[in-house]
Amino acid sequence: MAGELRRSREARERSAFRIRRRLAAAGVALGLGASALAGAAAVQAPAHAETPKYPVGNVGTALQNFLTSPDKVAGANDWSCRPSAEHPTPVVLTHATGVNLGANWAVLSPMLANAGYCVYAFNYGMAPISADRVGGLGDIPTSAKVMSAFVDKVLDATGASKVDVVGHSQGGMMPGYYIKRLGGAAKVRTFVALAPSNHGTTLLGLVNLGRQLNLLGFVNQGFQAVGTPSLVQQQEGSDFQKALFADGDTAPGPRYVVIETKNDLVVTPYTNAFLKGPNATNILVQDQCPKDYVGHVGMFNDSPVLQNVMNELGPRRPGFAPTCTDYGLPV
């Protein structure tokens, strides 16, 4: 009986040993296979693949920058940057009403810098209530003077003769004053405007209703009292709007490009964003991507919009059609 138990135990041990040996062999085979796959992947990987220098942000980055980095954004304001032969024109970014450069350009600024552009951005229109974060509230002609000085600084630093400008909302209209009234036409090559407040806004009819009820004057006095005149100047039919466009929408020299969404609930009607002139091109996002739900604010992180920006600053391919994916905020 004892002998049978011993033989049975020895048989089980031999069986277990064979199983462990097979598992070990399988493990070695898997390891060798993984190494071979890794080696093949390494061979097939692009020889010059590099990690982008600047991380491209998103909505979360924009919100964080609004609070903690209002005057700094990845990719912008490297004053040692020298324009390349491929991208000889530096790009100046002008933010929207109610935000700052850190928030507005969290996506586009690093995209441009990673593509080889020299990128610059500045804050403007800070009011007493801005807390150094809520920009674009001050007088628009004064903001245009700030832009004028900034552009001169960029030209001096880079040695370029002209800049390209990309602006959002008021930042897509205020440079028009700089171009037409402050000599900017000689210093701007291309001006790309995202949902610009060019011909003002009715704010979904509230401006017109306020006029009809004789209340708009009281509201505007309040805006002036707290140091936010741009909120008056951007209203459809304002004295500022009438004066700016009295001699036409554009000035000779620069090329104007407007990119707008039909879902704009800030600049209303959305067609107020568009410009007329022999040197103006108007692009409606939904003509390219019918399902793009991007709103006024979301222009800053909408992929089709940003693809259009890159095309207009760069190759300007005829009949350009963006990839319709990764839409921006629907507000």
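- Per an unreviewed UniProt entry, the protein goes by the name Esterase/lipase family protein and belongs to Actinomadura yumaensis.

**Considering the state of the cysteines**
So, step 1. Applying the stated criterion across every chain yields a total of 2 disulfides.
So, step 2. The disulfide partner of Cys81 is Cys118, and the S-S distance across this bridge is 2.0 Å. Across the disulfide from Cys81 to Cys118, rotation about the S-S bond amounts to roughly -80 degrees, and the bridge is consequently left-handed. Of the two residues, Cys81 is situated in the loop between α2 (59-68) and β1 (91-94) and Cys118 in the loop between α4 (108-114) and β2 (119-122); the sequence distance between them amounts to 37 residues. The burial state of Cys81 is the same as that of Cys118; both residues are buried.
So, step 3. Between the sulfur atoms of Cys289 and its disulfide mate Cys324 the distance is 2.1 Å. Here the disulfide of Cys289 and Cys324 is left-handed, its torsion about the S-S bond being about -80 degrees. Of this pair, Cys289 sits in the loop between α11 (285-288) and α12 (303-313) while Cys324 sits in the segment after α12, placing them 35 residues apart in sequence.

**A short note on the nonpolar core**
So, step 1. By size, the foremost hydrophobic cluster in this structure holds 37 residues, and its most contacted members are Val163 and Ile179.
So, step 2. With 7 residues, the top contributor of residues to this core is helix α5 (residues 140-158).
So, step 3. Look past the residues within four positions of Val163 in its chain and what remains in contact with it is Thr89, Pro90, Val92, Val151, Val154, Leu155, Lys187, Val188, Arg189 and Thr190.
So, step 4. Core analysis: the second largest hydrophobic core is formed by 32 residues, Val257, Val294, Phe300 and Met310 among them.

**Looking at the layout of surface pockets**
So, step 1. Taken as a whole, the largest pocket holds about 630 Å³ of empty space.
So, step 2. Lining of the largest pocket is provided by 32 residues; of these, Thr97, Gly98, Ser169, Val266 and His296 occupy positions nearest its centre.
So, step 3. When residues of the lining of the largest pocket are traced back to their parent elements, those giving at least two are α2, α3 (101-104), α7 (206-212), α8 (216-225) and α9 (230-233).
So, step 4. Ranked by residues supplied to the lining of the largest pocket, first place goes to α2 with 4 residues.
So, step 5. For the lining of the largest pocket, a count of residues per class yields 20 nonpolar, 12 polar and no charged.

**Here's the deal with the pattern of salt bridges**
Two side chains bearing opposite charge may form a pair once their charged atoms approach each other closely.
So, step 1. Applying the stated rule across the entire model yields 5 salt bridges.
So, step 2. Here Asp247 and Lys180 are joined by a salt bridge, their closest N and O atoms 2.8 Å apart. One end of the pair, Asp247, is in the loop between α10 (239-244) and β5 (255-260); the other, Lys180, is in helix α6 (residues 174-181), and 67 residues separate them in sequence.
So, step 3. Lys180 sits in the buried class, given a relative accessible area of 15%.

**Some words on empty space enclosed by the protein**
So, step 1. For the structure shown, the criterion picks out 1 cavity of 30 Å³ or more.
So, step 2. Considered as a void within the structure, the largest cavity measures approximately 40 Å³ in volume.
So, step 3. As for the largest cavity, its lining consists of Gly176, Lys180, Asn198, Leu244, Phe245, Asp249, Tyr256 and Leu275.

Reading the values: rules and limits
- Residues numbered from 1 in each chain as written.
- Predicted model: local features only at pLDDT ≥ 70, side-chain atom pairs only at ≥ 80, totals over all residues.
- Heavy atoms only, no water.
- Disulfide = S-S within 2.5 Å.
- Helix = DSSP H or I, 4+ residues; strand = E, 2+ residues; numbered from the N terminus.
- Buried < 20%, exposed > 50% of the residue type's maximum accessible area, 1.4 Å probe, protein only.
- Core = buried A, V, L, I, M, F, W, Y, C linked by side-chain atoms within 4.5 Å.
- Contact = heavy atoms within 4.5 Å.
- 1 Å grid on protein atoms, 1.4 Å probe; cavity = no way out; pocket = protein on both sides within 12 Å on 5 of 7 lines; lining within 4 Å.
- Points joined across faces, edges and corners; volume = space filled by probe spheres on them.
- Nonpolar A, V, L, I, M, F, W, Y, C, P; charged D, E, K, R; others polar.
- Salt bridge = Lys/Arg side-chain N within 4 Å of Asp/Glu carboxyl O.

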